[in-house]
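In case you want the letters, here they are:
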Amino acid sequence: MLPRVLVRTAVRRPWAVVLASLGLFVLAAFATTRVRVETDLLALVPEHDRVVSDYRDTLERFGSTDLLLVSVELGEDREAAYAFADQLAEALRASSSIAWLEIRLDDLQRALPDLVPLSPLYLEAQALDGFLEPLGTAEGLDRAIAQLRADLRSPAAFGLGDLRRLDPFGMVPLAISGRPDLADVAIGGDDSGYLVSPGGELLLMIAEPTQPAADLPFAQALEVELAALEAAAADRWRAEGAAGAPPAVGFAAGHLIAVGDSDLIVRDLVTGTLGALLSVVLLFGVAFRRPLALVVAFVPLLVGLAATFGFVAIAFGRLNSVTTMFAALLIGLGIDFVIVLYARYVEGRRAGLDAAESLMACSRSTALGVTTGAVTTAATFYAFLISDFRGLWELGLLTGTGILLVLCVVFLLLPALLVLVDRGRPAANDRIVVFGFGARQLFRLSRRAPWAVLAVAGLATVGLGIAATDARIEDEAMAMRSAENRALQARDRIIDAFDLHTTPFLVRVDGADEAQTLERSRNVLDALAPLLDSGELSRVESLVQYLPRMERQAAALDRLASFAPRAPGRDELEAAFVERGLSPAGFARGLDLFEKALARREPLSVSELGESEIGHLLGRYLASDDAGSWTALVYAYPPPGTREPSAGLMAVTEARPWASLTGGVVVSRQLRKIVWRDATRAALLGTVIVFLLLALDLGSARLAALALVPLGVGLVWMLGGMALFDVTANSMNLFVFTMIIGIGVDYGIHLLHRWQEGPLANAEGLAAAVAVAALTTLCGFGSLAFSHFPGLRSVGAAAILGTVAAAVVSVTVLPALLALLERRSRRGGGSEAPGFEAPGSEASTSEALPATGD
């Protein structure tokens, strides 16, 4: 078999194996430098899923649906802060990475020449009549100009004078009403015209990047560019005479959150891997109390880990937020191979065998159990290959393959190192005893008083099973993101300060042409109106809010045409301004726009609106492809704190075959459904595969079922522990349940194989090795418990609870059951398993080792 061949090769050619391992390490380390970290959610989800394909196509059509929010701390010197903000806004507008940016309400001045002539088209018939009729008489015109004069002299008009000069008869509100993107921004603090939070602490800019947040290279370049633009604005601000430090700036966008997550993932990967390696090696050294143990544990593990990273580089070229945890998993699982093999090697040395003989004895006995354990653990991860979720699929392939790679490296490199350092060392002087951290005492107790141990374990299982019914499920995506992400912190502060809602659901509307798409969008908008009234939605945005209904436009055009004979001429308008003490020259542009509005005879089209100063906004709402099909987006904002689409919103889209619900939140929701479904399937499939492998390996379905006892009881204890320690179950740590199948079975396999070789008393040293293996596994998973991401921390916590439970059951419940089988075997005068000899026989005592304490 393969383990025996690998061990024999290492024993005979140790230097060749060591040099080959060094070469493998160098090549794998070089390949690892080419691995990138990917935070794009779409890289993990199934490509054929409709929810995902709709979102992908939406991003391809619309580019970015994410906004960039820029906050500037105002401080005490507001004028200086305003000056800095203007310079920063100018730099951002000049960037090729920014499609558009707005900072002031009087930015409307650029749009008013286009919007004012269109204003009558937005009014209902009664409102338009109420606006036009007074202007048709000398008295009414005089009152309108008198009101304009009073408004301009009011303190409230500070900063808005230019707007009134362009729209002297008050059509600015019509233009503002067509700006749903700013509808929920509370303006307060002063009358400067800037977007200022009600508390007056922040100034806000709203911009749109040219590429979506899913484009990580663009997002990384954007982060660097924003930092450079901020520094350049600060230098210019100082050069113009400003004193002190420039105002603090916060950038918030999905792009920057993705970059921050990527940086934190890399940091967790490096520090977690190094921390796990160091802790498991030190624990290994404590357990075996020999400096050599540090070398023989660290080197094979490091080379095996490097080989797996090389596999990552070749097979995927990337890691993601799910697969980044594989290193901690391999360290925790791989060290088990080293511990069990080294513990058995030490037994052979203490029994008088030299290094080569002891290693070959391991290859004939213990290596078989280690191989079976590795294969069953790998099989549980390979079960994830049935998943449609690419994150789980890649984690299954990567971790399963990594386990087998580490196993092969251990079978080669561990014997080679032991032969080189122990060759010629007298076996009689080797007094190493594995420090079992109390496992020996538990093992002896279970063997001597099996019924008492099983009774206690049964009570514990019932109690923890009852507690498990209170285990919480929390699958909120935001609850699993790192609070240390600076872009996330900036976004939360802006949201709180301005009471913004920045994560909408997207209702996608498809049509054969522009007219049909717009009509369907209006249908959706009408259907969503009751949800606004009921509070299921807080706000909606749509292109049709910019375009009046055609019947309204037709009615407005008829009224404009009927009003034309009574409309005041230019001479009459200028005379009325002079009579009220206003210079007509100062309002010349506004009067031109007013006359243009009265002369309007054609309805407004999308193309005409797109050529206006607000045309950049339309790209958020309407797009077409090369085939001539059209798509519109309706942005549906839920109430604060709501992350799931309401039943009413889902009913609106489900009732319309040409409409669908999409967006990042919807994709994340679909992803969680897929993970729960596929993880459950993988767990069931993994259990079946493991049982079949065990039955084949142990030669008995009965023994295979016995090997699953630590798994079944351990899972109940794990769930109970999660409830007691308030560790929530979620889509991140769900796969841990499948992983515990492999770990729990491993421990049972080792004990059963040792039991088949001889009496249960001989397995006492192996029980200690299981305890050490469990503790080192905890060290590996412990690195996840210190992750920046709550989701990964929950993975670490769940894995720790599951590993402890499986290990305790393995050294108590399973030995108790085996002890009862031994007693029954003695009474029946036979053996329970192939290779088992009753205590006291020559076969058993020849392999027995002296009992030693911890």
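What you are looking at is a predicted structure, and each value in this text was computed from that prediction instead of being measured.

Novice: Looking at this structure, I do not really get the overall build of the protein chain. What am I missing?
Specialist: Broken down by element type, the protein chain carries 33 helices and 11 strands. Taking all 854 residues of the protein chain together, 56% fall into the buried category. As displayed, the protein chain has an accessible area near 33600 Å², and 60% of this comes from carbon and sulfur atoms.

Novice: I would appreciate a short explanation of helix 1 (residues 2-12) in the present structure.
Specialist: The α-helix winds at 3.6 residues per turn, so residues separated by three or four positions along the chain end up facing the same way. Among all positions of helix 1, only P3, L6, V7, A10 and V11 are buried. Buried residues along helix 1 cover an arc of 135 degrees about the axis, so they all sit on one side. When the buried face of helix 1 is taken as reference, the exposed residues oriented beyond 90 degrees from it are L2 and R12. If you follow the buried residues of helix 1, they end up packed against helix 2 (14-32), helix 14 (355-364), helix 15 (366-382) and helix 16 (390-422).

Novice: So what exactly am I meant to see when it comes to the packing of aromatic side chains here?
Specialist: Aromatic rings considered in pairs are described by the distance between their centres and by the relative angle of their planes. Overall, the coordinates contain 8 aromatic pairs when judged by the stated rule. Ring geometry for F169 versus F594: centroids 4.7 Å apart, planes at 45 degrees, classification tilted. With F169 in the loop between helix 8 (161-166) and helix 9 (172-177) and F594 in helix 23 (residues 588-598), this pair connects stretches of sequence that are 425 residues apart. With 6.4 Å between their ring centres and 55 degrees between their planes, F381 and F384 make a pair best called tilted. With respect to class, F381 is no different from F384; both count as buried. Aromatic ring contacts, followed pair by pair, group F169, F577, F587 and F594 into a single cluster. Geometry around Y637 places R539 over its ring, the cationic atom sitting 4.1 Å from the centre.

Novice: Would you mind showing me how to read the nonpolar core here?
Specialist: The tendency in soluble globular proteins is for nonpolar side chains to be buried side by side. In terms of nonpolar packing, the biggest core is built from 125 residues, with F326 and M739 touching the most fellow members. Counting residues per element, this core draws most heavily on helix 13 (residues 326-350), which supplies 17 residues. Among all residues touching M739, those that are not within four sequence positions of it are L329, F381, F781 and A799.

Novice: Please explain the sheet that holds strand 2 (residues 68-73) as it appears in this structure.
Specialist: By definition, the strands of a sheet pair up through backbone hydrogen bonds, in either a parallel or an antiparallel sense. Read from one edge to the other, the open sheet built from 4 strands follows the order 3-4-2-5, with strand pairing classed as antiparallel. Here the strands that pair on one side only, and so sit at the sheet edges, are strand 3 (98-102) and strand 5 (249-252). Adjacent strand axes in the sheet meet at a mean angle of 20 degrees when their direction is disregarded. Bridge count between strand 2 and strand 5: 4 bridges; the pairing is antiparallel.

Novice: Explanation requested: the pairing of strand 4 (residues 202-209) in the structure shown.
Specialist: Most of strand 4 sits out of view: 8 of its 8 residues are buried. Alternating positions in strand 4 separate into two faces, L202, L204, I206 and E208 on one and L203, M205, A207 and P209 on the other, with burial throughout. Two elements, strand 2 and strand 4, share 6 bridges in a ladder whose sense is antiparallel. By the bridge assignment for strand 4, V70 is matched with M205. With 4 bridges connecting them, strand 3 and strand 4 associate as antiparallel partners. Among the inter-strand pairings, I98 is bridged to a residue of strand 4, identified as P209.

Novice: Help me understand the pattern of salt bridges, please; the structure alone is not making it clear to me.
Specialist: Where charged atoms from two side chains of opposite charge approach closely, those side chains can pair. Under the definition given, this model contains 15 salt bridges. Salt-bridge contacts for R236 lead to E240; the nearest nitrogen and oxygen are separated by 3.5 Å. Residue class for E240 comes out exposed when judged on its relative accessible area of 54%. Here E608 makes a salt bridge to R600, at a shortest N to O gap of 2.8 Å. One continuous salt-bridge network, built from bridges that share partners, spans R570, E574, D592 and E595.

Novice: Explain the side chain of R656 to me, please; I cannot follow it from the model alone.
Specialist: Within the element layout of this structure, R656 appears in the loop between helix 26 (647-654) and strand 11 (659-662). D526 is the oppositely charged side chain nearest to the buried, salt-bridge-free R656, at an N-O distance of 8.3 Å. Within the local environment of R656, its side chain forms a polar contact with the side chain of N523, the two groups lying 2.6 Å apart. Setting aside anything within four residues of it in sequence, one finds R656 in contact with N523, V524 and A527.

Novice: I tried to follow helix 23 on my own but got confused; where do I start?
Specialist: Taken together, the buried positions of helix 23 are occupied by G590, L591, L593, F594, A597 and L598. In a view along the axis of helix 23, the buried residues occupy a sector of 160 degrees, so they form one face of it.

Novice: Explain the environment of L801 here, please?
Specialist: Topologically, L801 is positioned in helix 32 (residues 790-828). Along the primary structure L801 and M718 are separated by 83 residues, whereas in three dimensions their C-alpha atoms are 5.4 Å apart. When neighbours within four sequence positions are excluded, L801 is seen to be in contact with M718, G721, M722, F725 and V727.

Novice: What exactly am I supposed to notice about the side chain of T631 here?
Specialist: Examined against the element boundaries, T631 turns out to sit in strand 10 (residues 630-637). When its relative accessible area of 0% is taken as the criterion, T631 is described as buried. Among the polar contacts made by the side chain of T631, one reaches the side chain of D510 at a distance of 2.8 Å. Among residues more than four places away in sequence, those in contact with T631 are R61, F62, R508, V509, D510, T517, Y621, L622 and A623.

Novice: Got a minute to help me understand the environment of E551 in this structure?
Specialist: Mapped onto the elements, E551 comes out in helix 21 (residues 550-563). For E551 and P603, which are 52 residues apart along the polypeptide, the C-alpha to C-alpha distance reads 9.9 Å.

Novice: Mind showing me how you'd approach the packing of helix 2 against helix 16 here?
Specialist: Any two packed helices are characterised by the angle at which their axes cross and by the distance between the axes. In contact at an axis separation of 9 Å, helix 2 and helix 16 are set at 130 degrees when each is read in the N-to-C sense. With respect to each other, helix 2 and helix 16 are oriented oblique. Between helix 2 and helix 16 lies a crossing of left-handed hand. Of helix 16, the residues touching helix 2 (which contributes P14, W15, V17, V18 and S21) are L412, L413, A416, L417, V419 and L420. Looking at side-chain class alone, the contact of helix 2 with helix 16 contains 10 nonpolar, 1 polar and no charged residues.

Novice: Just checking my understanding: could you explain the environment of A356 for this structure?
Specialist: The residue A356 is located in helix 14 in this model. With 62 residues separating them in the primary sequence, A356 and L418 have C-alpha atoms 8.6 Å apart.

Novice: Just to check I follow, could you spell out the packing of helix 1 against helix 14 for this structure?
Specialist: In contact at an axis separation of 8 Å, helix 1 and helix 14 are set at 170 degrees when each is read in the N-to-C sense. As far as their axial angle goes, helix 14 and helix 1 are roughly antiparallel. Our pair here, helix 1 against helix 14, has a crossing hand that is right-handed. Contact with helix 1, carried on its side by P3, R4, V7, R8 and V11, involves A356, L359, M360, S363 and R364 of helix 14 and no other residues of that element.

Novice: Just to check I follow, could you spell out the confidence of the model for the protein chain for this structure?
Specialist: Detailed reading of the predicted model is not advised wherever pLDDT is low. Residues at a pLDDT of 70 or more form 85% of the protein chain, whose mean pLDDT is 79. Confidence drops under pLDDT 50 across residues 178-190; counting only partners more than four residues distant or on other chains, this segment forms 49 contacts.

Novice: Looking at this structure, I do not really get unusual backbone geometry. What am I missing?
Specialist: Excluding glycine, residues mostly have negative phi values, and the peptide bonds linking residues are mostly trans. Positive phi outside glycine occurs at D726, with the angle close to 55 degrees. Following the sequence through the fold, D726 ends up in the loop between helix 29 (709-724) and helix 30 (735-757). The exposure class of D726 is partly exposed, given its relative accessible area of 48%.

Reading the values: rules and limits
- Residues numbered from 1 in each chain as written.
- Predicted model: local features only at pLDDT ≥ 70, side-chain atom pairs only at ≥ 80, totals over all residues.
- Heavy atoms only, no water.
- Helix = DSSP H or I, 4+ residues; strand = E, 2+ residues; numbered from the N terminus.
- Buried < 20%, exposed > 50% of the residue type's maximum accessible area, 1.4 Å probe, protein only.
- Areas by Shrake-Rupley, 256 points an atom, 1.4 Å probe, with all protein chains shown as cover.
- Arc of directions from axis to C-beta.
- Contact = heavy atoms within 4.5 Å.
- Phe/Tyr/Trp six-rings, centres within 6.5 Å; stacked < 30°, edge-to-face > 60°.
- Lys NZ or Arg CZ within 6 Å of the ring centre and 35° of its normal.
- Core = buried A, V, L, I, M, F, W, Y, C linked by side-chain atoms within 4.5 Å.
- Pairing = 2+ DSSP bridges.
- Axes fitted to C-alpha atoms, helices over the stretch in contact; angles between N-to-C directions.
- Salt bridge = Lys/Arg side-chain N within 4 Å of Asp/Glu carboxyl O.
- Lys, Arg positive; Asp, Glu negative; His and termini not counted.
- Polar contact = N/O pair within 3.5 Å; in protein donor to acceptor, adjacent residues only side chain to side chain.
- Parallel < 35°, antiparallel > 145°, perpendicular 65-115°, else oblique.
- Left-handed = near helix turned anticlockwise from the far one by under 90°.
- Nonpolar A, V, L, I, M, F, W, Y, C, P; charged D, E, K, R; others polar.
- pLDDT = per-residue confidence, 0-100.

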